[in-house]
Amino acid sequence: MRAFQAFTGLVAPLDRANVDTDQIIPKQFLKSIKRTGFGDNLFDGWRYLDEGHPGQTANERQINHEFVLNAPRYQGARVLLARDNFGCGSSREHAVWALMEYGFDVVLAPSFADIFYSNCFKNGLLPIVLDEETIEKMFDAAQSDGLVVSVDLESQTIVPQEGEAVAFDIDPVRKRKLLLGLDDIGLTLAERDRIVEFEKKHYGQMPWLPGARG
Amino acid sequence: MAGQTVYDKVWSDHEVGVREDGESLLYIDLQLLHEVTSPQAFEGLALNHRPLWRTGANLATPDHNVPTERRSEGLAGIDDPVAHEQVVTLDANCKAYGVTQFDILDKRQGIVHVVGPEQGATMPGMTVVCGDSHTSTHGAFAALAQGIGTSEVEHVMATQCLAQRKAGNFAIETTGRLSEGVYAKDLVLAIIARLGTAGATAHTLEYRGEAVQALSMEGRMTLCNMAIEAGARAGMVAVDDTTLEYVHGRPFAPVGQMWDQAETYWRTLVSDDDAVFDRMERFDATALAPFVTWGTSPELGVPVDGAIPNPDREADPVKAESIRLALAYMGLSADQPITDIQLDRVFIGSCTNARIEDLRAVAQVVRGRKVAGRIKQALVVPGSGLVKAQAEAEGIADVLIEAGFDWRDAGCSMCLAMNPDKLGPGEHCASTSNRNFEGRQGHAGRTHLVSPAMAAAAAIAGHFVDVREWI
Ligand code: SF4
């Protein structure tokens, strides 16, 4: 997992509550050998007017120009602003993969569904819970003049280009894992020296093992 | 210090360290890879720019959804586009990372759990993992072999380690010997019927005692294969002469002085006399009859001379209800004798029972006989290309084809029906595989788990018969 770095980015407002993972990535796209390739089908049912199937390219599709992410002013957004209970429904991790591949690094919402919330941390997406009032103000800003914010996980702040900084809470262990880019593999790799040391002894004692070839 | 079990010994020889939270980092000697659970793991490596930790500790072959016909066409013989893509992806990943693969056209291709031991890649005392629950098969070699999920596959690829807590020790103590016509499959079905499918949860089984020592390596693999069906983390058998004779001379096995060195170590892989087991169950093999499962869980099995249980006589209401549900799905009635169950198809294959001895047992039963008219299909799918070649060389294939069996190429096939080999709705199948879950062998299909000899006799009779009367 890549380490989470502070950035400044555009906010795209998705003005709906209870957005479920089926809407984030519909089920016909799960039959895949990959963990990537979902970005084009993020919110497929809203982004396009026709029904999507795996294997199509985006330019074969009929774009729904009404959908907020298709508006020219929100292109390149890195922060998704959402409503209550974002990510409810099926536990598919593909929902997180799709959001990240599309380009989002942060989702802001008043609340998240549990499984989605923890899936975010396994993959390096930062979900931030903010109070209703702050979220409401951000919607106003994002929908009128547009909103660009700086997100800093280290100091746990969101700083709009104009206006006051907003602080947010996060579990310290999760914060550390995100900042260091530590997924489970990352954590084990932090013990690299120990593993290498073990291997020396192990293959010395058991040179017949297939791994002894390197 | 108390003595150690085989599991204790292999575990401690692979423990890299214990973390603060009590989890151990366990070093993995061999990872087996196949087309279905490896693609996302390889992709995860690539996305994170991580190398494969140790190339030589991986071995791959496609098995889960390869078709068992038109093999000479290679990739072009795979009609299902998703299956095709998965096999192509395995090829590409193995090339990119330098992993040894027995590809679809390689004679050594086959079910991973048949191929590993056959090549001598599975050796005593190793830790083995694979993204497949029946990895427990390799425990027959006193290896600690475990099935893992895709994220763990990636973890092992990247770190050569698995983070986990140690399981408990559970002894399956056997006495006596299996009689003629009764096999390791029957023994393990009897064990699962008694323990239940969650009976060994959080434990590693060690199969011990006279009946196990008398088994060939192939029989021991059948026992360990189904350890997972009793809920166990893994199944193991201690090293003895039978183990060493099997491994000796195989392609991956050490030779010369290195063999001697390995043998010295391997000989220590037996449980000490004063080893402590957390749990123990005794089984007498002497009077054991062939087993047949009648329901939708591997624990729902009875001896072939028995009858289907009656839920009305079951005291536990939860169990009674599960019997009723299973009977409804299977289209069977309470108290029905097992030998009355009429069959539509027969499947001889899978990592449980698709090795040469299994096929020999089948040939012994069917020689000079014909598949019953009511059987729509009697499928024989060897566990590997080498098993197939061996069976052809021994004349087994001819005997089977003569009797009316379909003789196919190696793969998982109708064990899980990801390829075109499937049961139709409502069809009853005598199957040598390991799972009889609803829909496992095809939508609404009905699976009965049995030994290869029992499946062969059922193919000839059209219903279950006691194969002991035929041998
Ligand atoms: S034969 Fe069946 S149980 Fe064995 S690896 Fe293949 S699908 Fe799994």
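In this text, all values refer to a predicted model and were calculated from it rather than measured experimentally.

Draft legend 1. The overall build of chain A, seen in detail. When its secondary structure is counted, chain A shows eight helices and seven strands. Buried residues in chain A amount to 51% of all 214 residues. Counting every atom, chain A has about 10300 Å² of accessible surface; 48% of that belongs to carbon and sulfur. Of the charged side chains in chain A, 23 are positive and 32 negative; the average position of the first set lies 10 Å away from that of the second.

Draft legend 2. Seen up close, the pattern of salt bridges. Residues and elements named next belong to chain A. All told, the structure shown has 37 salt bridges over all chains when counted by the stated rule. Of the charged contacts in the structure, one is a salt bridge between arginine 83 and glutamate 136, with a shortest N-O distance of 3.1 Å. Residue arginine 83 is located in the loop between strand E2 (79-81) and helix H3 (94-102), and its partner glutamate 136 is located in helix H5 (residues 132-143); the two are separated by 53 residues in the primary sequence. Residue classification places arginine 83 among the buried positions, given a relative accessible area of 14%. Judged by its relative accessible area of 36%, glutamate 136 falls in the partly exposed class.

Draft legend 3. Main features of the pairing of strand E5 (residues 148-152) of chain A. Residue and element names in this part refer to chain A. By the alternation rule, side chains of E5 split into Val149 and Val151, which are all buried, and Val148, Ser150 and Asp152, of which none is buried. Relative to E5, strand E1 (residues 7-13) is paired through four bridges, and the arrangement is antiparallel. Residue phenylalanine 7 lies in a different strand from E5, and its bridge partner there is valine 151. As paired elements, E5 and strand E6 (residues 157-160) share four bridges and run antiparallel to each other. Following the sheet pairing, valine 151 is matched in E6 by isoleucine 158. Joining the antiparallel neighbours E5 and E6 is a turn of four residues, in which glutamine 156 adopts a positive phi near 55 degrees.

Draft legend 4. Quick look at the interface of chain B and chain A. Taken together, the 45 residues of chain B in the interface contact 35 residues of chain A. Here chain B and chain A share three salt bridges between them. With its nearest N and O atoms 2.7 Å apart, the salt bridge here joins arginine 19 of chain B to glutamate 191 of chain A. Sorting the residues of the side of chain B that touches chain A by element identifies strand E1 (15-18), strand E2 (24-27), helix H2 (39-47), helix H3 (81-97), helix H5 (150-159) and helix H10 (256-266) of chain B as the ones contributing at least two each. Ranked by residue count, the leading element in the side of chain B that touches chain A is H2 of chain B, at six residues. The residue inventory of the side of chain B that touches chain A, partitioned by class, reads 22 nonpolar, 14 polar and nine charged.

Draft legend 5. View of H3 of chain A. Residues and elements named next belong to chain A. By the criterion of burial, H3 is predominantly enclosed, with seven of the nine residues buried. Three or more residues of H3 are buried, namely His94, Ala95, Val96, Trp97, Ala98, Leu99 and Met100. Turning to H3, the residues buried within the fold contact helix H1 (21-24), E2 and helix H4 (114-123). At the exit of H3 stands glycine 103, carrying a positive phi of roughly 130 degrees.

Draft legend 6. Representation of the packing of H2 of chain B against H3 of chain B in the model. Residue and element names in this part refer to chain B. Here H2 crosses H3 at 40 degrees, and the two axes come no closer than 10 Å. Comparing the axis directions of H2 and H3 gives the class oblique. In this structure, H2 meets H3 at a crossing whose hand is left-handed. On H3, the residues that touch Pro39, Phe42, Leu45 and Ala46 of H2 are Thr89, Asn93 and Tyr97.

Draft legend 7. Focus on the state of the cysteines. Summed over all chains, the structure comprises zero disulfides over all chains. Unpaired in this structure, cysteine 94 of chain B has its nearest cysteine sulfur neighbour in cysteine 130 of chain B, at a distance of 12 Å.

Draft legend 8. Expanded view of the packing of helix H6 (residues 184-195) of chain B against helix H8 (residues 217-225) of chain B. Residue and element names in this part refer to chain B. Following both chains from N to C, one finds H6 and H8 inclined at 25 degrees, their axes separated by 8 Å at the closest point. As judged from the angle between their axes, H6 and H8 are roughly parallel. Crossing hand, H6 versus H8: right-handed. On H8, the residues that touch Ala184, Lys185, Leu187 and Val188 of H6 are Gly219, Thr222 and Leu223. Taken together, the residues that form the contact of H6 with H8 break down as four nonpolar, two polar and one charged.

Draft legend 9. Fine view of the side chain of histidine 94 of chain A. All names here are of chain A. By the element assignment, histidine 94 lies in helix H3. Given the relative accessible area of 15%, histidine 94 is considered buried. Discounting chain neighbours no more than four positions away, the residues touching histidine 94 are Ile25, Leu30 and Phe38.

Draft legend 10. Spotlight on the confidence of the model for chain B. Within chain B, residue pLDDT values average 95, and 100% of them lie at 70 or more. The ipTM, which scores confidence in the relative placement of chains, is 0.94 for this predicted complex, and the corresponding pTM is 0.84.

Draft legend 11. Just the pairing of strand E9 (residues 168-175) of chain B, in detail. Residue and element names in this part refer to chain B. The buried count for E9 comes to seven of eight residues, which makes it a mostly enclosed element. Direction of pairing for E9 relative to strand E10 (residues 203-209): parallel, over a ladder of seven bridges. Looking at the pairing, threonine 174 lines up with glycine 209 of E10. At this point the chain moves from E9, through H6, to the parallel E10, and the crossover so formed is right-handed. Both E9 and strand E12 (residues 279-284) contribute to a ladder of six bridges, which runs parallel. What sits directly across from alanine 171, in E12, is methionine 280.

Draft legend 12. Fine view of the sheet that holds E9 of chain B. Residues and elements named next belong to chain B. The sheet built from four strands is open, its strands ordered E11-E10-E9-E12 with parallel pairing. The open sheet has two edge strands, strand E11 (234-236) and E12, and neither has a second partner. When strand polarity is set aside, the average angle formed by the axes of neighbouring strands in this sheet is 20 degrees. Seen against the sheet, H6 touches E9, E10 and E12 and runs at an angle of roughly 130 degrees to E12.

Parameters at a glance
The numbers attached to residues start from 1 for each chain and follow its sequence in the written order. Key to labels: chains lettered from A, ligands numbered from 1, both in the order written. Side-chain atom pairs in this predicted model are given and counted only at pLDDT of 80 or more, local residue features only at pLDDT of at least 70, and totals for whole chains, interfaces and linings cover all residues. The side-chain numbers reported here are obtained from all heavy atoms of the structure, hydrogens and water having been left aside. Helix and strand assignments come from DSSP, with helices taken as H or I runs of at least 4 residues and strands as E runs of at least 2, each series counted from the N terminus. Only protein chains enter the accessibility calculation, which uses a 1.4 Å probe; a residue whose area is less than 20% of its type maximum is buried, one above 50% is exposed, and one in between is partly exposed. Values of accessible area rely on a 1.4 Å probe in the Shrake-Rupley scheme; residue burial ignores everything except the protein chains shown. All tallies of charge rest on Lys and Arg as positive and Asp and Glu as negative; His and the ends of each chain are not included. For this purpose, a charge sits on NZ of Lys, CZ of Arg, CG of Asp or CD of Glu. The working definition used for a salt bridge is a side-chain nitrogen of Lys or Arg within 4 Å of a carboxyl oxygen of Asp or Glu. A pair of strands counts as paired when DSSP detects no fewer than two bridges linking them. Any two residues whose heavy atoms approach within 4.5 Å are treated as being in contact. Charged means Asp, Glu, Lys or Arg here, nonpolar means Ala, Val, Leu, Ile, Met, Phe, Trp, Tyr, Cys or Pro, and polar covers whatever is left, Gly included. For helices, the fitted axis covers only the stretch in contact; all axes are lines through C-alpha atoms, and the angles between them, taken along N-to-C directions, range from 0 to 180 degrees. Here the angle decides the label: under 35 degrees means roughly parallel, over 145 means roughly antiparallel, 65 to 115 means roughly perpendicular, and every other value means oblique. Should the near helix be turned anticlockwise from the far one by less than a right angle, the crossing is termed left-handed; should it be turned clockwise, right-handed. In what follows, a disulfide is any cysteine sulfur pair within 2.5 Å. Values of pLDDT, which run from 0 to 100, indicate the predictor's confidence residue by residue. Crossovers are described as right-handed under a simple rule: with the strands pointing away from the observer, the path leading from the first strand over the helix to the second runs clockwise.

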